[in-house]
Amino acid sequence: MSTTAKRAAGRHPMTAKAVFSLTLANSHTWKKSYNACNRIPTLSSSPPRARERHCACFVRFWRGGRSSCVVGVLWWGKETCGTREHPREKVCEEATSFDLTSLDIAYCIADVDHLLQVKMDELEGDRESASDDDLKALLNLKEFFLMLEKKLDSIPFQADSTEEPHPGDFILTFFASAGLTRDTWPAFVDQCGLAITLLTSDSGRTMHRSGINMQKMLDLVKVVFNHSEGIDLEDCTKQYKVHLKVEKTSKSDVWTVPSAGSDKKDTRVLGYWCFSPGLAIKELLIQGVRSLILTSGTLSPLSSFSSELQVEFPVSCEGPHVIQKDQVFVGVVCKGCDNVPLNSSFAKRSSEQYQNSLGNTIVNFARIVPHGMLVFFPSYSLMYSFMDAWKANGIAQRIESHKPIFLEPKKKADLNPTMDAFYEKIADPKYNGAAFFAVCRGKVSEGLDFADMHGRAVIITGLPYAPRMDPKVDLKMKYLDDGQHQKSSLSGRDWYNQQAYRAVNQAVGRVIRHRMDYGAIILCDERFASRSSLDQLSVWLRPHAKVYDRFGQLQRDLTQFFKSTELKFGVSVPQPKAPVMGGKVMGGGAMGGASTGGLSAAAACRHDRSTLPPVQKASVIEDHMQPSTSYLVPQDGKLQAWRIVIKEKQADRTSSAEDYIAELKTALSVESFEKFRVALRNYKQNNKDINLLTANFREIFKQPSMFYLLQGMHRFVNEQHREAYGAFYQNFTGRTLGKTLIMSTAKKPCEGQGYFSWIENPASVHDEIPTWLATKLLPVSPDPTDAACDMVLDLFTSLVLVLLAVLAYYLLRAPRPHGGTQRVRVAPPVRVVLENPETAAYLLKDMVSVPATGAAFQCMIWFAYTRIGKALLIPLLLRNGGIDRLSYLYIPEGPTYYPDVPRPLQDNGEANRSVLRPLIDSEISVTKSFRLNTVADYIRAFRSGSCTPTDVAKRAVGFIRQSNSTTPPLRGIIDSDAGVVLAMAEASTERWKQGKPLSLLDGVPVAIKGGFRVEPYPPRGGSAFIPELSRGIVEGGSVKKLKNAGAVVIGVANMHEFGTGTLGSNPNKYHLHARNPHNPGHFAGGSSSGSAVCVAAGLCPIALGSDGGGSIRVPAGVCGVVGLKPTNRSLDDEGALPLAYTVGAHGPLGASVLDCAIALDILSEESDMTLASLKGLGETKLMGLRVGVYWKFFEHADSEVVAACKAAVGQMESLGAEVKEIVIPELEETRVAHFISISSEMGSALLADVDRHFHEINLETLMLLAASYNGSSVEYINAQKQRTRAVEIVKHIFERVDVIVTPATAIPAPAIIPAAVSKGISNATATGKLMRFSFLANFTGIPGLVLPVGYTRSGLPIGVQLMGRWHEEHVLLQAGWALESSGAFPLKQPQISFNLLEAV
């Protein structure tokens, strides 16, 4: 190890041991790599003797612009000292997290007080020797700790709460309140360092005053502030959550109470928890790391692992298991031996029937399974409760009649005796083996090996979900759901599920530990039977998994399996127990012991090793040779085995003259170093006599252990003498000066040895490895005379080669009819898909993007409209969103441009009104904790005379002004003329006085979306100008019908510009963002954002909206109101801006289901659709209704959303509906086709406006239009062909069900970030999640109804969506009425709420 490294080891001993016993290109690279690992202490803190092969991370740094070389290995994973193996991502998170307690601060104060007393004593005794600077530093330190303690104690808690979460940037505010900021923390580090030095040198120090607490404080401050250049501190804190809790402290505990006189009863703990494992990895990458290689047996699934680390792995290998299919039995048991379903979910695990069934099932397994049997439970509490129940009813005694039972102890000290007894019973011929009951994520599950007869079967009794109320689990899920983990495709629920399945895979891995081993894996929970659950199992298990509905069949197959395997492999002879080290039993199998190094990848792929060329060993390294290991490397498009010679040797640590001299001083004695100095001086003074120099070197470096110093000297010899020096080196040592980097698998390197070494004569190894990899392993020797020239030449050559490669790609690529390079896929006829829809894969893709705002967003838009941007950026963005899916697809069906499904016209107008009128009275009688004013409330007020339409209109005008003058403004209504509103209201008041109202809506306030022509307001369509597409549009259609019915139009409602998005973002000067009444810091959804805001805030009970991609249903869902999208083209669209011809529809948003029914009845008059009979609308039961749910689609949403919508499905079932599981094939293709259709139609409609008003259009709108102008005619036709298929698929589904149920949106209302207020925001991720369940109804034309069914923990509404057959809106309204009137989903009053029926 170099002198610099040793100094580092002295300061950071745990860090230096990890990676730096190797040669680096130069001291600068050395410092970079050291700093990288110093910032991640956990990754590099395991001493060499504690490391095992479980996971290694190889890092490669860029060197001087020329080439790259491997410079270090970071090991983490299982240690042999009794600690458990932790997941890599958890290690990364814990490395950058900490817990700060009030006791820590108190101890630091006590330490500083002690040092101050010592300094005061020094001042009194000897003022000259005492340092005033030290005293000032200690006083500043004490002042900081006192303020920190005060601030920690003063952080408020909510009522009756002992825990309080905070955002990550709270830590900066907390430290800043005590005077510690990014500017002052270096001074704090110096002060802490002084205190630690004084404490460690104090001869009278105690355990509490040894500097440990001060060092902890220093370390945690570094976690907050010590980040690499390129990592913004504020951005970094977004990856964290702060958790504050109060712990009870015993006064009698001398280890936790600072002083006997302390009056503290409780200890406050402030946790600063990182939830982005990629942050630790990013610290490495910023330092110049070029390669990151992870190896482990528990990385699966690789995609989510990569997304959590925020590192893409372009090369990955997930090899199959070495065992044959007849060596493993994998069965999923859905029902126990008594035909009771096995389900260990929280709701069912306490059932006595389930517990008895599981126990009896294990009795049968104990009888069948030979030798050792492992039974894993989800938790300790569950294992102990089951055992208590089984002891009480005799099941435990029946199990013990076949196998003695051993329980995994909670205490580590009790594990060894328990394991000893277990092994003794296994080896005792008087017993049929033994049963070991353990816990997933326990000590046995995560670190022990049960090879051969010690473990013939693993039984998993349930999914081991982590405690949902654990603060870290809860905050991690919220962090993922909040979208702050931008590069991660995992939601909180996905992560939560994945952790459970990883724990299962880890427990399953305890058996079948080598090539000749065999065993059974039995999953005793019906939840494992689903395809999605089986896909979560390890790759090697999936092909063998079989689901058993009948226990008897599994019993026969399991018995036959063990009979056949015992005949093939023989009955195992009892073996001595496995060695125990540090509290852990270490296995001796191929996968558990260190002797074999584990199964090689070549063996895993069953490569014939006899075909490998013989290893050509260099004679110089025979003394240190280890067995060779085979690895898989790609060659000629295939995986082929390659042998690497493995050896240990001292690393070359002489990369610079300074390091070389330092190494000489370390390695040589004083006498030998003086001889070297004299020999070097003589060489320089005597005309550089190389013979004299080498003669002296023979005496100085005669020991073989010094040969590496001779090798390092070669670069400092005069250039004309290097050939002679090389000859001397070869004659003297028997080696050559060539270098090849060899990877070593040594587990316990000797002093001064590393995990990498150099071997001489590279040709001996070069012959047996692929050329492409050998080239990368041969670093170029640095030459100071031409390094700069070589660097420039290499860069220029690389640039030319890249340009030539790009040119060749475009000129020489294989010609395709469509001009692309991918092969065209052929879609099977839709009738073939519908013959077996259950086989269709769920491929719906998440849109993944980084939110774009501000100046960067403006630059991106400018670039998107340049020729280069259109050729490069837009196609890249579309490919990222999967929009090119239809570009290379042949669809045999013809196109469908309008999804019209005609039906005979029915004139049910008067009959429906006879149904609606009594329902108005019945709705009034419904009592709720809170309710919005509905049409029924206005009618009752008008009838009774307690309020007139004029009174309502005056209040509405006042409330509109009030709502738009707050901070921030609500902006539900953007245009309103008080004179016009009052004139309409006064006419209505007169009609009510005469007892001649025009309709049920006479005098009722309504709002109209800005996408309709409403006199006398300008038709802006959400823009800052009068668009060209509005020329010639006159008021008519639905707007005219509402006015003719006597409704009072209070104004034009806000909207997302031109309806191009579902956020409701509109930053232009005439509109601004419509704010969600439930939380003004969140969007209201779009594009009918203002319509939903007006209804939710109580400004009107009905508003008119339009829906081309969820624009009615999305804002209704996130604002907590009812929204109805009727069948496409069923209502009169005269007066609506022509933006979405084939996918759009307009309809009402209402305060209740009945309000939407009333509005639809009026809007459907004299149109292509007269509303079908509403007879039965008042029914509160759903008997005979068939409800279809595609669960994979349904559960592709935020966990809170899924839970609330599942409750709605359960309520429908309790009301008499029949719930059926369905499959909706080709959702991803339909999503892409919908995007192509609506974007093309909008791009065509706005072509002139983009040309004339480019700089007035919002940036987000311009981005969508840029994408629309990049499409092709083939894509548009394919999209319409896909519509044909989608319509047929929906028809097929509605043959089985009457209603399809999904969440309204996949997430609640997104937050409005400050940067989005002035320039807007483009957030494809949030937009895609909001639209996830909307596109199907728009594209196929079926109706959809959204109504509120719950709220998130933060109080944001959650909605459920019902979709029905074409023109069967009445079915949706009947189902919605029953759900709403059940009272199961009470409403909450929004933060912004108005009541027009009460006088101010």
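Residues numbered from 1 in each chain as written. Predicted model: local features only at pLDDT ≥ 70, side-chain atom pairs only at ≥ 80, totals over all residues. Heavy atoms only, no water.

A. Region of the structure containing the overall build of the protein. Of regular secondary structure, the protein possesses 52 helices and 35 strands. Within the protein, counting contacts between residues at least 6 apart in sequence, those at least 24 apart form 78% of the total. Here the protein has roughly 59,100 Å² of accessible surface; of this, 54% comes from carbon and sulfur atoms. (Helix = DSSP H or I, 4+ residues; strand = E, 2+ residues; numbered from the N terminus. Contact = heavy atoms within 4.5 Å. Areas by Shrake-Rupley, 256 points an atom, 1.4 Å probe, with all protein chains shown as cover.)

B. The pairing of strand E9 (residues 372-377), seen in detail. Where burial is concerned, most of E9 is hidden: six out of the six residues are buried. In E9, alternate side chains face the same way, and those of Gly372, Leu374 and Phe376 on one face and Met373, Val375 and Phe377 on the other are all buried. Of the strand pairs in this sheet, E9 and strand E11 (residues 434-439) are connected by six bridges, and their pairing is parallel. Across the sheet, the residue bridging to phenylalanine 377 is valine 439, located in E11. In this structure, E9 lies alongside strand E12 (residues 457-460), joined through four bridges in parallel fashion. Along E12, the bridge assignment pairs phenylalanine 376 with isoleucine 460. (Buried < 20%, exposed > 50% of the residue type's maximum accessible area, 1.4 Å probe, protein only. Pairing = 2+ DSSP bridges.)

C. Representation of the pairing of E11 within the structure. Among the six residues of E11, six are classified as buried, and the element is accordingly described as predominantly covered. Residues Ala434, Phe436 and Ala438 point to one face of E11 and Ala435, Phe437 and Val439 to the other, with burial holding for every one of them. Pairing analysis gives three bridges linking strand E10 (residues 405-407) to E11, with the strands arranged parallel. Residue pairing in the sheet places leucine 407 in a bridge with phenylalanine 437 of E11. Crossover connection from E10 via helix H16 (residues 415-427) to parallel E11: handedness right-handed. (Right-handed = clockwise from strand over helix to strand, strands pointing away.)

D. Spotlight on the side chain of histidine 243. Structurally, the position occupied by histidine 243 is in strand E5 (residues 240-248). Setting aside its immediate chain neighbours within four residues, histidine 243 contacts Glu163, Glu164, Val269, Leu270, Gly271, Trp273, Pro471 and Leu475.

E. How the structure looks around helix H25 (residues 690-700). Within H25 the residues assigned to the buried category are Ile690, Leu693, Thr694, Phe697 and Ile700. Down the axis of H25, the buried set is contained in an arc of 115°. They therefore lie on one face. Buried residues belonging to H25 abut helix H24 (670-685), helix H26 (707-713) and helix H27 (722-733). (Arc of directions from axis to C-beta.)

F. Focus on the sheet that holds strand E3 (residues 98-101). Spatially, four strands are ordered E3-E6-E5-E4 in an open sheet, and the strand pairing comes out antiparallel. Of all the strands in the sheet, just E3 and strand E4 (163-167) have a single pairing partner and so form its edges. Along the sheet, successive strands turn relative to each other by an average axial angle of 20°, direction set aside. Note that E5 and strand E6 (residues 266-274) share nine bridges and pair antiparallel. (Axes fitted to C-alpha atoms, helices over the stretch in contact; angles between N-to-C directions.)

G. Quick peek at helix H9 (residues 212-225). Helix length check: H9, at 14 residues, gives a terminal C-alpha distance of 20 Å against a target of 20 Å (1.5 Å per residue), a fit within 8%. Those residues of H9 that sit buried are Asn213, Met214, Met217, Leu218, Leu220, Val221, Val223, Val224 and Phe225. (Expected span 1.5 Å × (residues − 1).)

H. Molecular detail of the pattern of salt bridges. Under the criterion given, the structure shown has 24 salt bridges. Between aspartate 846 and arginine 1332 there is a salt bridge; the shortest N-O distance is 2.2 Å. Remark: arginine 1332 occurs in the loop between helix H50 (1324-1331) and helix H51 (1335-1340) and aspartate 846 occurs in the loop between helix H31 (830-835) and helix H32 (854-864); sequence separation between them is 486 residues. Under the relative-accessibility criterion, arginine 1332 is labelled buried at 6%. (Salt bridge = Lys/Arg side-chain N within 4 Å of Asp/Glu carboxyl O.)

I. Spotlight on unusual backbone geometry. Note the cis peptide between threonine 967 and proline 968, where omega equals -5°. In this structure, proline 968 sits in the loop between helix H37 (949-964) and strand E23 (973-975). Glycine 1086 connects to serine 1087 through a cis peptide bond whose omega is 10°. Inspection of the secondary structure puts serine 1087 in the loop between strand E27 (1079-1083) and helix H40 (1089-1096). Positive phi values are uncommon outside glycine, yet aspartate 452 reaches one of about 55°. Although it is not a glycine, arginine 1129 adopts a positive phi angle of roughly 65°. Taking relative accessible area as the criterion, arginine 1129 reaches 40% and is therefore assigned partly exposed.

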